[in-house]
Amino acid sequence: MSREEVKSEINKMLESIPEEALQEVFDYLKSVKDKSKDSISLSKNLRTILTEDKELLERLAK
């Protein structure tokens, strides 16, 4: 997706997000704004690992 397409899709999503969640979205975007590309990539990779291995992590926690 191009940058403009992504921005358009984000705007569409913001219209349907509950009012209570808008501040959370805003806070997240502010925190990402100041991060380096490497830091964002690391966070994305960690999220992927945690999502893919959720069941394993839950079993290990027990």
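The structure presented is a predicted model; accordingly, all values stated were derived computationally and were not measured.

Asker: Give a description of the pattern of salt bridges that names residues and reports values.
Answerer: Inspection of every chain in the model, using the stated rule, returns 2 salt bridges. A salt bridge links Lys7 to Glu4, with the nearest nitrogen and oxygen atoms 4.0 Å apart. One end of the pair is Lys7 and the other is Glu4, both in helix 1 (residues 3–16) and 3 residues apart, which spans about a single turn. In this structure Lys7 comes out as partly exposed when scored by relative accessible area, which is 40%. Residue classification places Glu4 among the exposed residues on the basis of a relative accessible area of 53%. Note that Lys12 is salt-bridged to Glu9, the shortest N-O span being 3.2 Å. Of this pair, Lys12 and Glu9 are both found in helix 1, 3 residues apart, which corresponds to roughly one turn of the helix. On the basis of relative accessible area, Glu9 is assigned to the partly exposed category, the value being 35%.

Asker: I'd like a description of the layout of surface pockets, backed by residues and values.
Answerer: What the largest pocket holds in volume is close to 270 Å³. Along the walls of the largest pocket sit Tyr28, Leu29, Val32, Lys35, Ile40, Ser43, Lys44 and Arg47, which together make up its complete lining. Where the lining of the largest pocket is concerned, the elements lending two or more residues are helix 2 (19–33) and helix 3 (37–52). When its residues are assigned to classes, the lining of the largest pocket shows 4 nonpolar, 1 polar and 3 charged.

Asker: Can you lay out the environment of Arg59 for me, pointing to particular residues and giving the numbers?
Answerer: Checked against the element boundaries, Arg59 lands in helix 4 (residues 54–61). Assessed through its relative accessible area of 58%, Arg59 is described here as exposed.

Asker: I'd like a rundown of a nonpolar patch on the surface, residues and numbers included.
Answerer: Side chains of Leu46, Leu50, Leu56, Leu57 and Leu60 sit close together on the surface and give an oily, nonpolar patch of about 460 Å² of accessible area. Counting residues per element, the nonpolar patch draws most heavily on helix 4, which supplies 3 residues.

Asker: Outline the environment of Asp34, listing residues and values.
Answerer: If you trace the backbone, Asp34 turns up in the loop between helix 2 and helix 3. Looking at Asp34, the relative accessible area reads 67%, which means it is exposed. With 16 residues separating them along the chain, Asp34 and Pro18 place their C-alpha atoms 26 Å apart.

Reading guide: rules and limits
- Residues numbered from 1 in each chain as written.
- Predicted model: local features only at pLDDT ≥ 70, side-chain atom pairs only at ≥ 80, totals over all residues.
- Heavy atoms only, no water.
- Salt bridge = Lys/Arg side-chain N within 4 Å of Asp/Glu carboxyl O.
- Helix = DSSP H or I, 4+ residues; strand = E, 2+ residues; numbered from the N terminus.
- Buried < 20%, exposed > 50% of the residue type's maximum accessible area, 1.4 Å probe, protein only.
- 1 Å grid on protein atoms, 1.4 Å probe; cavity = no way out; pocket = protein on both sides within 12 Å on 5 of 7 lines; lining within 4 Å.
- Points joined across faces, edges and corners; volume = space filled by probe spheres on them.
- Nonpolar A, V, L, I, M, F, W, Y, C, P; charged D, E, K, R; others polar.
- Patch = residues over 30% accessible without salt bridge, like charges linked within 9 Å, V, L, I, M, F, W, Y side chains within 5 Å.
- Areas by Shrake-Rupley, 256 points an atom, 1.4 Å probe, with all protein chains shown as cover.

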